[in-house]
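Coordinate inspection notes
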Amino acid sequence: MPIATPEVYNEMLDRAKAGTFAYPAINVTSTQTLHAALRGFAEAESDGIIQISTGGAEFLGGQYSKDMVTGAVGLAEFAHVVAQKYPVTVALHTDHCPKDKLDGYVRPLLAISAERVKAGQNPLFQSHMWDGSAETLDDNLAIGQELLALAKAAKIILEVEITPTGGEEDGVSHEINDNLYTTVDDAIRTVEALGLGEKGRYLLAASFGNVHGVYKPGNVVLRPELLKDLSEGVAAKYGKQQPFDFVFHGGSGSTKEEIETALENGVVKMNLDTDTQYAFTRPVADHMFRNYDGVLKVDGEVGNKKTYDPRTWGKLAEAGMAERVTEAARTLRSAGHSLSV
């Protein structure tokens with residue numbers, strides 16, 4: 001059962017919280033990066049999460065139509081087939097979806113899964129993300145309530161981002177400033193709107209200084225200990241200990257100590273995109289520079305087919321990205337914890 005059922009996905013998240021580890025959530029944009037992620041998980045003996053952003057889905061939909069739903073559905077269906085060959089369990093997730101793209105992405109995908117569930121099948125995706133961080137918290141949570149009800153009916157988990165993550169990803173951008181920290185009041189208002197599981201399970205992307213993109217450790221002030229404050233603030237009011245399944249966004253360049261603190265404070269999912277993009281591209285650049293006279297028809301020559309064959313440099317790209325995914329699983333402590341091992 002390489003693609004998790006709703007029941008297995010819930011078990012995965014419960015195991016991560018109980019064991020203070022997190023699953024690498026790897027953004028993919030092609031069948032090749034999908035295989036790289038699956039290979040990395042398998043080599044680490046780690047379960048994991050495969051995710052597709054709106055930009056990734058548009059790219060997957062082909063540059064002729066650029067249809068996000070087609071791209072996401074196509075890759076998800078492909079994943080259901082090829083993941084059978086990997087000895088790990090993975091969940092399929094859609095990443096950041098802002099308000100103006102809900103009708104063209106998350107809502108249609110929820111409808112597809114709802115029809116599958118009505119027909120006695122499992123949902124196509126196991127979770128979807130609503131990114132309302134650009135909206136007021138009231139509007140963000142109002143839309144979150146609507147989407148959570150739809151998700152619950154389709155046996156899907158919703159991820160919500162209640163306050164901004166700095167930097168830019170797929171057209172959603174926020175300044176890097178003191179607003180990048182979720183408050184206890186924000187967390188309590190989230191529970192008032194979305195509940196504590198009785199309205200449907202959700203993942204919470206709280207902000208503790210996170211920034212999307214490329215940065216060196218120390219350039220961004222992360223405060224993962226803030227997650228403990230949020231949990232304790234909600235527990236004090238509602239009596240439920242460890243009330244949230246936290247998500248770590250903007251993790252590229254984080255120190256080992258910052259990641260470990262986040263894990264100890266309830267993070268069960270950590271997104272990786274920037275680092276894996278580089279790990280995929282770097283071997284290709286190396287190959288092209290080393291073999292420029294083979295991949296190009298220089299001075300009227302014919303080049304060398306073996307060097308410009310996409311399979312040649314594609315295998316290097318897959319290996320590079322898979323290695324980075326394996327490294328992430330070890331850092332996040334999910335290595336060796338697969339349900340399939």
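Predicted, not measured: the structure shown is a model, and the values here were computed from it.

Glancing now at the overall build of the protein chain. Helices and strands together make up the secondary structure of the protein chain, namely 13 helices and ten strands. A compact globule built from 341 residues would reach a C-alpha radius of gyration of about 20 Å, and the protein chain, at 20 Å, matches this within 12%. Looking at the protein chain as a whole, 55% of its 341 residues are labelled buried. Contacts in the protein chain between residues far apart in sequence, at least 24 positions, make up 75% of those at least 6 positions apart. Within the structure as shown, the protein chain displays about 14900 Å² of accessible surface, and the carbon and sulfur contribution to it stands at 52%. Mean positive and mean negative side-chain charge positions of the protein chain (32 and 47 charges, respectively) differ by 5 Å.

Detailed reading of predicted coordinates is not advised where the pLDDT is low. Mean pLDDT over the protein chain works out to 93, with 92% of the residues at or above the 70 mark. Long-range and interchain partners of residues 173-177, a stretch whose pLDDT sits below 50, account for 13 contacts in this model, where long-range means more than four residues apart.

Of all six residues in strand 10 (residues 267-272), six are buried, a share of seventy percent or more. Taken together, the three bridges between strand 9 (residues 245-248) and strand 10 define a ladder with parallel strand orientation. Its bridge partner lying in strand 10, Phe246 is registered against Val267.

Time to look at the environment of Ala76. Within the secondary structure layout, Ala76 lies in helix 4 (residues 68-82). In this structure, the C-alpha to C-alpha distance between Ala76 and Gln51, residues 25 residues apart in sequence, is 9.6 Å. Ignoring any residue separated from it by four or fewer positions in sequence, one finds Ala76 in contact with Leu92, Leu124 and Phe125.

With a phi close to 55°, Glu45 is a non-glycine residue in the positive phi region. For Glu45, the position within the fold is in the loop between helix 2 (31-44) and strand 2 (48-52). Note on Glu45: relative accessible area 41%, which makes it partly exposed. Here Gln242, not a glycine, exhibits a phi torsion of approximately 45°, which is positive. Assignment of secondary structure puts Gln242 in the loop between helix 8 (226-238) and strand 9.

This brings us to the packing of helix 2 against helix 13 (residues 310-331). When two helices pack together, you describe them by how their axes are tilted relative to each other and by the distance separating the axes. Running from amino to carboxyl end, helix 2 crosses helix 13 at an angle of 45°, the nearest separation of the two axes being 7 Å. Classified by the angle their axes make, helix 2 and helix 13 are oblique. Considering only the axes of helix 2 and helix 13, their crossing is right-handed. Between helix 2 and helix 13, the contacting residues are Gln32, Thr33, His35, Ala36, Ala37, Arg39, Gly40, Phe41, Glu43 and Ala44 on the first element and Gly314, Lys315, Glu318, Ala319, Met321, Ala322, Val325, Thr326 and Ala329 on the second. Taken together, the residues that form the contact of helix 2 with helix 13 break down as nine nonpolar, six polar and four charged.

Further remarks concern the sheet that holds strand 3 (residues 90-94). The strands making up a sheet associate through hydrogen bonds between their backbones, and the pairing can be parallel or antiparallel. Pairing within the closed barrel is parallel, and its eight strands lie in the order 1-2-3-4-5-8-9-10. Strand-to-strand twist across the sheet, computed as the mean angle between neighbouring axes with direction ignored, equals 25°. Taken strand by strand, helix 6 (residues 137-153) contacts strand 4 (127-131), strand 5 (157-161) and strand 8 (202-205), and its axis lies near 170° from that of strand 5.

Attention shifts here to the pattern of salt bridges. With the rule as written, the count across this model stands at 19 salt bridges. Two residues, Lys17 and Asp245, come together in a salt bridge whose shortest N-O distance is 3.0 Å. Here Lys17 is found in helix 1 (residues 6-18), whereas its partner Asp245 is found in strand 9, with 228 residues between them in sequence. In this pair, the class of Lys17 matches that of Asp245, namely buried. Through salt bridges with shared partners, one network takes in Asp14, Lys17, Arg201 and Asp245.

Conventions used here
Residues numbered from 1 in each chain as written. Predicted model: local features only at pLDDT ≥ 70, side-chain atom pairs only at ≥ 80, totals over all residues. Heavy atoms only, no water. Helix = DSSP H or I, 4+ residues; strand = E, 2+ residues; numbered from the N terminus. Rg over C-alpha atoms; globule rule 2.2 N^0.38 Å. Buried < 20%, exposed > 50% of the residue type's maximum accessible area, 1.4 Å probe, protein only. Contact = heavy atoms within 4.5 Å. Areas by Shrake-Rupley, 256 points an atom, 1.4 Å probe, with all protein chains shown as cover. Lys, Arg positive; Asp, Glu negative; His and termini not counted. Charge placed at Lys NZ, Arg CZ, Asp CG, Glu CD. pLDDT = per-residue confidence, 0-100. Pairing = 2+ DSSP bridges. Axes fitted to C-alpha atoms, helices over the stretch in contact; angles between N-to-C directions. Parallel < 35°, antiparallel > 145°, perpendicular 65-115°, else oblique. Left-handed = near helix turned anticlockwise from the far one by under 90°. Nonpolar A, V, L, I, M, F, W, Y, C, P; charged D, E, K, R; others polar. Salt bridge = Lys/Arg side-chain N within 4 Å of Asp/Glu carboxyl O.

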